[in-house]
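Below, each chain spelled out in residue letters.
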Amino acid sequence: MKNSQVKNNESLSSWYNYSGPEDDIIISSRIKLVRNLADFPFVVKASKLDKERICSIICDAFNQKEEFNFIKKSDISDFGKKLLFDKNIIPLDPKFDFSGLILSSSENLYALVNNKEHLKMTAFAPGFQAEYLMQEIYKLDEYLQSKIQFAASYEFGYLTSQLKDCGSGMKISLRVFIPAILMLDGLVDLIRHLKEKHFTFKAVFDNSRRNCLFDLCPESSFDGSELDQLAEIQSLATYILKRERKFRSKLADNNSTIVLDLVKKMYVMGMNALLLDYSEVVEIISAIKLGLQLKIISGIEESDLNSLYYTTKEGHLIYLIDNFSFSYEEDVKKSLSMQIQRLRAVVVQQIMGKIIFK
């Protein structure tokens, strides 16, 4: 493992640019695995020396794998933190503390050291790939267990500072896109069903019926084994896929004019806007995805649209501004905020230009 830095000229994570199974509805899969070292206090009670020793032990274990880079927190610039935030790796919270970040060369797996737990590993994949992610992260866990003794007991499983994370220490989550369920008022029943299965279903964005993105996650990793959780989320994913496609068919049959109007309005906005904020882009993406799924349009792929959720975020656009030359209108040159909005519109138009209306 090599020491590295997150600076203004570095790009992080491109897994979201690829297609995945069922990615018309399941945008991405994520798995989290937490572990604590035996014979050390939890992070909240650990001394500075404890944290240094924990970090050293974890880094030594990863050091034998060339595909991982270690980044000290002190080496991460403010802009680097913004990039990490845009990739759903850390929050933009000054109280969020950790010793360092371990990032894979494939840039879909990372590990935080000394956050709430000694080690929190997270991996992403496009589409519905929960089983694949579980296999990958447990290969890494098996390797680490040959190097590190983790805190565990027969009664509680792997020990964590958060009771809900004890047991397997694993949580699988999915980001899903359900516009038809939302537009035909099926959300309440869906949430009720998921709650009965002890899963949370939280909106990614607020205050818009067109955003349509939700995160599905188990309430706890304490009950059942890793295979039980995998089987449960596979079952719920199948339920959501069938339900959204059923509602999608109803939407196409009974609300074709409303849907076509929405798609065309958002298409016109995406093609002609000179400045776009991120919330506007999210609405455009969601409408165009629905149009693609209902075969109103063609010429683009689901992955083209799914990647826009990430490539139009502020951190990615600032990276482009810092590393490439663009020509702006005179008034836009005076403001970084306007440059970001202008470039965001250009990125969206590159995708919108591929669209063919049927």
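What you see is a predicted model; the values in this text were computed from it and never measured.

Here is what the cut-offs are and how they apply
Residues numbered from 1 in each chain as written. Predicted model: local features only at pLDDT ≥ 70, side-chain atom pairs only at ≥ 80, totals over all residues. Heavy atoms only, no water. Helix = DSSP H or I, 4+ residues; strand = E, 2+ residues; numbered from the N terminus. Rg over C-alpha atoms; globule rule 2.2 N^0.38 Å. Buried < 20%, exposed > 50% of the residue type's maximum accessible area, 1.4 Å probe, protein only. Areas by Shrake-Rupley, 256 points an atom, 1.4 Å probe, with all protein chains shown as cover. Core = buried A, V, L, I, M, F, W, Y, C linked by side-chain atoms within 4.5 Å. Contact = heavy atoms within 4.5 Å. Pairing = 2+ DSSP bridges. Expected span 1.5 Å × (residues − 1). Phe/Tyr/Trp six-rings, centres within 6.5 Å; stacked < 30°, edge-to-face > 60°. Lys NZ or Arg CZ within 6 Å of the ring centre and 35° of its normal. pLDDT = per-residue confidence, 0-100. Salt bridge = Lys/Arg side-chain N within 4 Å of Asp/Glu carboxyl O. Axes fitted to C-alpha atoms, helices over the stretch in contact; angles between N-to-C directions. Parallel < 35°, antiparallel > 145°, perpendicular 65-115°, else oblique. Left-handed = near helix turned anticlockwise from the far one by under 90°. Nonpolar A, V, L, I, M, F, W, Y, C, P; charged D, E, K, R; others polar. Disulfide = S-S within 2.5 Å.

> How should I be thinking about the overall build of the protein chain in this particular structure?
Per the secondary structure count, the protein chain includes 12 helices and 13 strands. The C-alpha atoms of the protein chain give a radius of gyration of 22 Å, which matches the 21 Å a tight globule of 358 residues would have. Dimensions of the protein chain, computed from the C-alpha atoms along their principal axes, are close to 65 × 50 × 30 Å. A burial count over the protein chain gives 52% of its 358 residues as buried. As displayed, the protein chain offers around 17,000 Å² of accessible surface, 50% of which is attributable to carbon and sulfur atoms.

> Just checking my understanding: could you explain the nonpolar core for this structure?
Across soluble globular proteins, nonpolar side chains have a tendency to be buried as a group. Among the nonpolar cores identified, the biggest contains 115 residues, and Phe-62 and Phe-201 are the most heavily contacted of them. Looking at this core element by element, the count peaks at 9 residues for helix H8 (residues 278-293). The residues touching Phe-201, leaving out its near neighbours within four places in the chain, are Val-176, Ile-178, Leu-187, Leu-190, Ile-191, Leu-194, Phe-214, Asp-215, Leu-216 and Ile-240.

> Sorry, what's going on with the pairing of strand E4 (residues 100-104) here?
Consecutive side chains along a regular strand alternate between the two faces of the sheet. Across the 5 residues that make up E4, a large majority, 5, are buried. Residue alternation in E4 divides its side chains into two sets, Gly-100, Ile-102 and Ser-104 and Leu-101 and Leu-103, and both sets are buried. Remark: 4 residues form the turn of the hairpin made by E4 and strand E5 (residues 109-113), two consecutive strands paired antiparallel; Glu-107 in that turn has positive phi of roughly 65°.

> Where do I start with helix H3 (residues 130-145) in this structure?
Residues that lie three or four places apart on an α-helix share one face, since the helix turns once every 3.6 residues. Compared with an ideal rise of 1.5 Å per residue, which puts 16 residues at 22 Å, H3 spans 22 Å between its outermost C-alpha atoms and is within 8% of the ideal. Along H3, the positions that sit buried rather than exposed are Ala-130, Leu-133, Met-134, Ile-137, Tyr-138, Leu-140, Asp-141, Tyr-143 and Leu-144.

> Whenever I open this one, the packing of aromatic side chains confuses me. Can you help?
Two descriptors summarise a pair of aromatic rings, namely the distance from one centre to the other and the angle between the planes of the rings. This model, assessed by the stated rule, comprises 11 aromatic pairs. Consider the rings of Phe-326 and Tyr-328, whose centres lie 6.3 Å apart with planes at 50°: the pair is tilted. With a relative accessible area of 13%, Tyr-328 lands in the buried category. Ring-pair connections join several aromatic residues into one group, and the members of that group are Trp-15, Tyr-16, Tyr-110, Phe-124 and Tyr-310. Positioned above the aromatic ring of Phe-247, the side-chain terminus of Lys-250 is 5.2 Å from the ring centre. Looking at Lys-289, its charged tip hangs above the ring of Phe-177, at a distance of 4.8 Å from the centre.

> Whenever I open this one, the confidence of the model for the protein chain confuses me. Can you help?
Parts of the prediction with low pLDDT should not have their coordinates interpreted in detail. Model confidence for the protein chain is summarised by a mean pLDDT of 90, while 94% of its residues fall at 70 or above. Confidence drops under pLDDT 50 across residues 1-13; counting only partners more than four residues distant or on other chains, this segment forms 50 contacts.

> How do you make sense of the pattern of salt bridges when you look at a structure like this?
When the charged atoms of two side chains with opposite charge come close together, those side chains can pair. For the coordinates displayed, the defined rule picks out 15 salt bridges. Between Asp-141 and Arg-35 there is a salt bridge, and its shortest N-O distance comes to 3.2 Å. Linking Asp-141 in helix H3 with Arg-35 in strand E2 (residues 26-35), this pair joins segments that are 106 residues apart in sequence. Here Arg-35 falls in the buried class, since its relative accessible area comes to 1%. As a salt-bridge pair, Lys-139 and Glu-136 come within 3.3 Å of each other at their nearest N and O atoms. Pair noted here: Lys-139 and Glu-136 are both in helix H3, with a separation of 3 residues, about one helical turn. Judged by its relative accessible area of 30%, Glu-136 falls in the partly exposed class. Overlapping salt bridges, with partners in common, bring together Glu-22, Asp-24, Arg-245 and Arg-248 in one network.

> Explanation requested: the packing of helix H7 (residues 256-272) against H8 in the structure shown.
Any two packed helices are characterised by the angle at which their axes cross and by the distance between the axes. Relative to each other, H7 and H8 sit at 135°, their axes nearing to 9 Å. When the interaxial angle is binned, H7 and H8 end up oblique. When the axes of H7 and H8 are compared, the crossing they make is left-handed. Within the contact between the two elements, H7 uses Val-259, Leu-262, Val-263, Met-266, Tyr-267, Met-269 and Gly-270 and H8 uses Glu-280, Glu-283, Ile-284, Ala-287, Ile-288, Leu-290 and Gly-291. Residue composition of the contact of H7 with H8, grouped by class: 10 nonpolar, 2 polar and 2 charged.

> Please explain the state of the cysteines as it appears in this structure.
Disulfides are covalent bonds that connect the sulfur atoms of two cysteines. Using the criterion set out here, one finds 0 disulfides in the structure. In this structure Cys-55 is not part of a disulfide, and its nearest cysteine sulfur, from Cys-59, lies 4.0 Å away.

> What's the story with the pairing of E2 in this structure? I'm lost.
Along E2, 8 of the 10 residues are buried, which leaves the element largely enclosed by surrounding structure. Sheet topology note: the E2/strand E9 (residues 170-177) ladder contains 7 bridges and is antiparallel. Residue pairing in the sheet places Arg-30 in a bridge with Ser-173 of E9. Here 8 bridges tie E2 to strand E6 (residues 119-126), and the two strands are oriented antiparallel to one another. Opposite Lys-32, over in E6, you have Thr-122 as the bridge partner.

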